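Chain by chain, the residues run as shown.
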Amino acid sequence: MDEGGSRIRRRVSVRKRTRPGLESAFPVPAAAELGPRESGEPREPEKLEEEEEEPCAGGRRRRTAELQPLEHNDSEEDMFGDNDSFAENSILAQVDDLEQKYMRVSEHREDSTDVTTENVCLENVECDRLSNTAAGDSTKLNVNGYTKNQRRLKAASHEPEADVLYDIPSSQVLYFESMQNFSDNLGGQTNKDRKWDSSSCKMVSEELSHSIKQPQGTDESSSKVRSSSDVNRRKSLKDYLKSAMTGNAKAQTPVLSRTKQLQETLLAEEISMAKKTMESSSNDLGPFYSLPSRVRDLYAQFKGIEQLYEWQHTCLTLNSVQERRNLIYSLPTSGGKTLVAEILMLQELLCRKKDVLMILPYVAIVQEKISSLSSFAIELGFFVEEYAGSKGKFPPIKRREKKSLYIATIEKGHSLVNSLIETERINCLGLVVIDELHMIGEGSRGAVLEMTLAKILYTSKTTQIIGMSATLNNVRDLQQFLQAAYYTSQFRPVELKEYLKINETIYEVDSKTENGMTFSRLLNYKYSDALKKMDPDHLVALVTEVIPNYSCLVFCPTKKNCENVAEMICKFLSKDYLKHKEKEKHEVIKNLKNISNGHVCPVLKRTIPFGVAYHHSGLTSDERKLLEEAYSTGVLCLFTCTSTLAAGVNLPARRVILRAPYVAKEFLRRNQYKQMIGRAGRAGIDTTGESILILQEKDKKQVLDLISSPLENCYSHLVQEFTKGIQTLFLSLIGLKIATNIGDIYHFMSGTFFGVQQKILLKEKSLWEITVEALNYLTEKGLLQKDTILTEKELLQEETISKSKGEFQCNFYITKLGRASFKGTIDVAYCDILYKDLKKGLEGLMLESLLHLIYLTTPYDMAPQCEPDWMIYFRQFNQLSPAEQKVAALVGVSESFIGKKVSGQAIKKKVDKNIVNRLYLALILYTLLKETNIWSVSEKFNMPRGYIQNLLTGAASFSSCVLHFCEELDEFWVYRALLVELTKKLTYCVKAELIPLMEVTGVLEGRAKQLYNAGYRSLMHLANADTEVLIETIDHLSRRQAKQIISSAKMLLHEKAEALQEEVEQLLRLPSDVPGGVASSTEKA
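Here the structure is a predicted model, which means the values were calculated and not measured.

**Considerations on the overall build of the protein chain**
Secondary structure summary: the protein chain contains 51 helices and 21 strands in total. Going through the 1085 residues of the protein chain one by one, you find that 53% of them count as buried. Restricting to contacts in the protein chain with at least 6 residues of sequence separation, those with at least 24 account for 75%. Within the structure as shown, the protein chain displays about 50000 Å² of accessible surface, and the carbon and sulfur contribution to it stands at 49%.

**A word on the packing of aromatic side chains**
Applying the stated criterion to the full structure yields 24 aromatic pairs. For the pair Trp311 and Tyr329, a centre-to-centre distance of 6.1 Å together with 40° between the ring planes defines the contact as tilted. You can see Trp311 sitting in helix α12 (residues 310-316) and its partner Tyr329 sitting in strand β3 (residues 326-330), a full 18 residues away along the chain. Residue classification places Tyr329 among the buried positions, given a relative accessible area of 0%. Relative to Phe958, the ring of Tyr860 lies with its centre 5.7 Å away and its plane at 90°, an arrangement referred to as edge-to-face. On the criterion of sequence distance, the pair formed by Tyr860 in the loop between α38 (851-856) and α39 (870-878) and Phe958 in helix α44 (residues 945-967) is long-range, its members being 98 residues apart. You can call Tyr860 buried: its relative accessible area is 9%. An aromatic cluster of at least three residues, connected via ring pairs, comprises Phe288, Tyr289, Tyr299, Phe302 and Phe376. Its end group placed over the ring of Tyr855, Arg918 keeps NZ or CZ at 4.6 Å from the ring centre.

**Points about unusual backbone geometry**
The linkage connecting Phe394 with the following residue, Pro395, adopts the cis geometry, with an omega of -10°. With respect to the helices, strands and loops of the structure, Pro395 is situated in the loop between β5 (383-387) and β6 (404-408). With a phi close to 55°, Gln483 is a non-glycine residue in the positive phi region. Tracing the sequence through the fold places Gln483 in the loop between α18 (475-482) and β9 (484-488). In the Ramachandran plot, Lys737 falls in the positive-phi region, its phi being about 60° despite a non-glycine side chain. Position of Lys737 among the secondary structure elements: in the loop between α29 (723-735) and α30 (742-750).

**Re the packing of α39 against helix α41 (residues 895-903)**
For the pair α39 and α41, interaxial distance at closest approach is 9 Å and the crossing angle is 150°. When the axes of α39 and α41 are compared, the pair comes out roughly antiparallel. Crossing of α39 against α41: the hand is left-handed. Judged by residue contacts, Trp870, Met871, Tyr873, Phe874, Phe877 and Asn878 of α39 engage Glu895, Phe897, Ile898, Gly899, Lys901 and Val902 from α41.

**With respect to the pattern of salt bridges**
Under the criterion given, the structure shown has 31 salt bridges. Here Glu342 makes a salt bridge to Lys369, at a shortest N to O gap of 3.1 Å. Residue Glu342 is found in helix α14 (residues 337-351), and its partner Lys369 is found in helix α15 (residues 363-380); the two are separated by 27 residues along the sequence. For the pair shown, Glu342 and Lys369 are each scored as buried. Between Asp537 and Arg659 there is a salt bridge whose closest N-O contact spans 2.4 Å.

**A closer look at the sheet that holds β9**
Across the sheet, which stays open at both edges, the seven strands sit in the order β5-β6-β4-β7-β8-β3-β9 with parallel pairing between neighbours. Taken across any chain shown, the strands that pair with only one partner, and hence form the sheet edges, are β5 and β9. Geometrically, the sheet is characterised by an average inter-axis angle of 15° between neighbouring strands, direction not taken into account. Sitting on the sheet, α15 touches β4 (355-359), β5 and β6, and the angle it makes with β5 is about 170°.

**Let's talk about the sheet that holds strand β12 (residues 517-522)**
What the eight strands build is an open sheet, ordered β12-β11-β10-β19-β16-β13-β15-β14; its pairing is mixed. Edge positions in the sheet fall to β12 and β14 (612-615), since each has one partner strand and no second. Taken pair by pair, the neighbouring strands of this sheet meet at an average axis angle of 25°, ignoring direction. Here four bridges tie strand β13 (residues 552-555) to strand β16 (residues 655-658), and the two strands are oriented parallel to one another. For Leu553, the partnering residue across the bridge sits in β16 and is Val656. Each of β13, β14 and β15 (638-641) touches helix α21 (residues 559-571); the most contacted strand, β15, lies at about 150° to it.

**Focus on the pairing of β13**
Along β13, one buried face is formed by Cys552 and Val554 and the opposite face, lined by Leu553 and Phe555, is buried too. Bridge count for β13 against β15 is four bridges, and the pairing is parallel. By the bridge assignment for β15, Cys552 is matched with Leu638.

**Some details on the confidence of the model for the protein chain**
In this model, the protein chain carries a mean pLDDT of 77, and residues with pLDDT of at least 70 account for 71%. Predicted confidence for residues 1-90 stays below pLDDT 50, and this span has 173 contacts to residues more than four positions away or in other chains. Below pLDDT 50 for its whole length, residues 105-176 participates in 174 contacts with residues either more than four positions away or in separate chains.

**Considerations on the packing of α44 against helix α45 (residues 973-988)**
Contact pair α44 / α45: the axes reach a minimum separation of 9 Å and the direction vectors enclose 160°. Considered as vectors, α44 and α45 are oriented roughly antiparallel to each other. Remark: the crossing between α44 and α45 carries left-handed chirality. Counted together, Leu952, Ala955, Ala956, Ser959, Ser960, Val962, Leu963, Cys966 and Glu967 of α44 and Tyr975, Arg976, Leu979, Val980, Leu982, Thr983, Leu986 and Thr987 of α45 form the full contact between these two elements.

**Observations concerning helix α37 (residues 828-843)**
Each α-helix turn comprises 3.6 residues. Residues three or four places apart therefore point the same way. All of the buried residues in α37 are Val828, Cys831, Leu834, Asp837, Leu838 and Gly841. In an axial view of α37, the angular spread of the buried residues amounts to 140°, which keeps them on one side of the axis. Looking at α37, the residues exposed on the side facing more than 90 degrees away from the buried face are Lys836 and Glu843.

**Considering the side chain of Thr607**
Topologically, Thr607 is positioned in helix α24 (residues 602-607). The buried category is assigned to Thr607, whose relative accessible area is 1%. At 2.9 Å, the side chain of Thr607 forms a polar contact with the backbone oxygen of Val612. Setting aside its immediate chain neighbours within four residues, Thr607 contacts Ala566, Glu567, Cys570, Val612 and Ala613.

**Topic: α45**
At Leu979, α45 shows its strongest bend, of approximately 30°. The elements touched by buried residues of α45 are α37, α38, α42 (913-931), α44 and α46 (995-998). A positive phi of about 50° marks Cys989, the residue just after α45.

Thresholds applied
- Residues numbered from 1 in each chain as written.
- Predicted model: local features only at pLDDT ≥ 70, side-chain atom pairs only at ≥ 80, totals over all residues.
- Heavy atoms only, no water.
- Helix = DSSP H or I, 4+ residues; strand = E, 2+ residues; numbered from the N terminus.
- Buried < 20%, exposed > 50% of the residue type's maximum accessible area, 1.4 Å probe, protein only.
- Contact = heavy atoms within 4.5 Å.
- Areas by Shrake-Rupley, 256 points an atom, 1.4 Å probe, with all protein chains shown as cover.
- Phe/Tyr/Trp six-rings, centres within 6.5 Å; stacked < 30°, edge-to-face > 60°.
- Lys NZ or Arg CZ within 6 Å of the ring centre and 35° of its normal.
- Axes fitted to C-alpha atoms, helices over the stretch in contact; angles between N-to-C directions.
- Parallel < 35°, antiparallel > 145°, perpendicular 65-115°, else oblique.
- Left-handed = near helix turned anticlockwise from the far one by under 90°.
- Salt bridge = Lys/Arg side-chain N within 4 Å of Asp/Glu carboxyl O.
- Pairing = 2+ DSSP bridges.
- pLDDT = per-residue confidence, 0-100.
- Arc of directions from axis to C-beta.
- Polar contact = N/O pair within 3.5 Å; in protein donor to acceptor, adjacent residues only side chain to side chain.
- Bend = angle between axes of the 7 residues up to and from the residue.

Next comes the structure, spelled out in C-alpha cells:
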C-alpha cells in the first residue's frame, strides 16, 4: 500500500477536500461506549436487550464526535472534480466515508466471537441502511402513506479482482494511503480494544458486500476471517466505487424537495396517460390536447394564454392531426399559427418521446424562439438546441432519455437532416415544423428547403411534416408534394382595416365595390408651407394620430429613406413628445453608447428623444436588439423600417403605413403587401389595426390590381438555382447513399416539388434530360464517378431513356472531393476553387498573422457584390507588415496593381476581380478581429456597420464549412486545428471573457458586457441568477427578457451536464468485445 501510494503522490498534485461523513447512517461506537470491554468483562445481556429494543432512528443518534473524520485528499485527475458525482447525495461519497471508518478501526482491533453483539451491530446497520437515500433513486417517490422516502441499495455480488488499486481514481489511492499511515500511528492499542470493535466493523463490511454470514465461535475460524478481511475489504471497495460511479452517471437530478418530487411524479403520470390516450382510438384528448395539465399552466404562466381560439381547437382536433398525417395550414399574420405548432411539438417530445426539428427563416427568429421555449424545456424535461450561423453539432448528440427540439435556419436544418440520414437516425425525428412555408418558392433558400423536405419524405415514413404560412396560394401543388392535408381560416384576433391614401384623401379598401375602395375621410391637419414642402405625403399627420400612446410602423422603400423619414418626422413633432418616457429614452441612448464603445449613430441620437428610430440591416445586431426591446416595452413608439422587418421578429403596431408601393425599385408584390399590413393590430392590446398605403395617381391602377389580386403562386427553384439546387441535391443523394443509380435518382426527382410542377416549369427539356446533364456536370468537375461505359449521347437516346427509367442501372460514386463538398455544404460552383486555394496555401501558409487564414475563409459569394474604395484599399495595404504583404502577393494581388487603380492608370496585366475584392473583404475582417470594434472599422473602411457585421457572420459560417471540408481530406490536416480556433474568433469577435456569456441565446456583445460588469462572469452565474436582482442590475432589461436569459442559461447548463454524463457513462461501460470473454464473466458475476 505504501509503495502504491507513493507512486500516486509523485504523479498527481493533491488538493484537500472535506465531505460530510456517514456518521448518521453507519455509526461507529464512541470511546465511552467501549469502556466495559476494555477490562475484558463480557457485556451485560440486559444492556444488550435495551439496545435491541431501541428504534432505528436512535441508532442514528449515536455519538461520533469523539472520532474526528480525517481530511480527504483528492487529485486533479479525479473523474468528477470537486464532487464524486453530479448528485449532491452521491452514494460514492457515502461509501467512501463508510470505508474510512471501517478501515480506521478494523486495522487495530480483533474480530469478536460474541454473536449477540454482532446481531446488535447488524440490526443498527440494517435500520440505518433502510433510512439512507441513494442518489440514483432521487426521482422516485412513494406517495402511499409515507412522509419520507425510504430506498434500499440494490444488492450485487462480484468476483474479487487481483488489485483494488488498479481501477480506482488516484485520489482514492491517496486517501487509503493516508488511512494506512493513520493505522501505523495507532499500533499501540491493546488487543482487547481491537477484539471488540473488529467484530462490529466486520459486520459493517459484510453488510456492504451483501454476503453476511454468521461468525464461528472458535479462535481458528476467527483467525481465518481476519486473514481474509483485506480481500473482502478490497472487493467491497472496488465493487462499490464502480457501481457508485455508474449510478452517479445515470443520476439526472440532484436532491429534490418533496414538492418538486410530487410535481415530477404527477407530470410523469400524466405524460404516461397522455401517451396511452394517443395510442388508443378514443376521442378523449386528455387534460390539454393529449398533454399534461402542467403544459396548460405553463402557457398561462409564461405567455398569458389561458384559452385557445376556436380555429386552434378545430385544427388540433382534425382527424389528419390525430392520425399523424402531414398537414399544411394557412392563416393571416397574427392569427396564432405558432401555438398550434408548439402544442404538436410538445406532444411529440413528451408523449411520443421523439426529437423535433423546427425550421425558421432567419437567425433572429431562431434565437427569439429558443428564448421563448427554454422555460418550457426546463420545466417539462427536454432540450432546446440552436442550429444557426456557426452553431450546431453534426450529427446532434444522441440523448439517453430527454429528447431534443432542434430550432434551425433553412441551411442548418438541411445539414442536420443530412447528418441524421448518414447516421441512420432519421427515424428518431418524429416531427418537422416549417414556418413561412411559402419560402420554398424563393430562390436558393427555397431550393435548400425543398431538398430537406424531399429527403425526409423519401427516407422516413414515420416523420410527420407540418407546414404553416400566411401567404400561400397554389396549395394543391404543395399538398401533392408533402402528401399533406390542408386547413385554412381567415381568423384574426384583431380586426384589420385597410386604407389607401391619395393626396389628402383616405379611402377604405372594399372588395364589394366596383373599383375596390370607398371614401373614408379627409386629413384634418394644418400644414405650413415649409411642412408641405418637406412632407408632401402627410406622414407627420398620419403618425401623430396614433403616437406616442400607440405604436406605429412606417415601411420605406430603401434604407436611406428610412433614416431620412425618421429625421423629417422628428423635425416637425412638438416638444411635448420629448417628455413622454423621457428617462427611459435617455437610458436607451446611454445603452446604445455602451454597446458601441461610446459611439451612437447621429440620426438615432436626434430621433430617439422623440420616441422614433429607424430599423434596417445597416444596424448592428446589438443595436437592433436594443431598439426592438425598447419598441416592445413602449419606450419607442415609431419605427421607420424596410420590408425585412415584416418577415423578421414579431413587432406589431396599432397602425402600419406603407410609404410607397415599392420595395427598392421593384413594385410591391401581393405576398409582401400582406406580410407588411399583417403587422397591424396587437392581440390583447388593440381592438383594431389599421394599414395605410400611400400612393400617387400614376400608381393607382397598379395598386388597385395589387389589393384585389390573389397571392402569388409558389414555384420550385430546384433547377433554376443550378449549383445550389439540383447539383447539390444529387451530390448529397449519392453521398448519403439515398440514391446511387440514375434510375433511383430520377425516381427521387419525380417526388420533389419540382417533379410535381415539371409540366409547368419545363418547356424545352424533360426531367430525364436535366437529371442526366446535372450528373454529367458533377462527374466532369471530379465530384462523382460512374461505372458505365455509355456516353452522354447514348444516355439521351430515346430507346435508352425508356429502358433507363425502369431498368437501367448506371451507378455513381462520390469522390473524396465530392464528399468534402457535400459534408462542408460548399456551393458546387466554388468547391474546386476552394480546393485550389487551400492546396496553394499549403505551399506557403503564412501564420505570422491571421490574414492568410481569414482570406481562405472569406465567403466567395460576397466578393462580386463588393466595390472597394481604392484609396482606402491602398492606405490599408501600405499599413500591412512585410509578411502580410507577402500574403497578398501569394494570392495574386500586388501593391502596384492597387496603386494603378488609385491613380486611374490603365492595367495591362489581367487580374481576377474576385480575388482582389476577396482580399479587400479579408482586410476588413482582419482589422475587425484586431480591434473588435465595428464602429471604428466601419469608419476606417467607410462602410455601413451592419454590412460589416453581416460579413463577419457570413465568414464565421463559411469558416465552419471549410473546417468540415478539410476534415474529409487528409491532405488538409494542418488546417483543422487552425480553423477551429478561427471559427470561434469569427463567431464571437469579442474579448475571451465575454464568450461564455455570449453562448446564451439572445445575449449579444452589448448585453454580455453589461452582465460581465454586473458580476455575472459565467454560465453558472446566469443560470442561478435571481430575476428581480437581474432586472435591477442590468439597464433596460424587462422581466420577460430577464426570465428568458436565465432560462436559456439553465438550458445550456443542463445540456452540458447531460453531455458530461453521457461521456462518463460511455467511459464506464464495459465493451462487449473484450478479448478472452472478460465481459461475459463479469456480467455473470
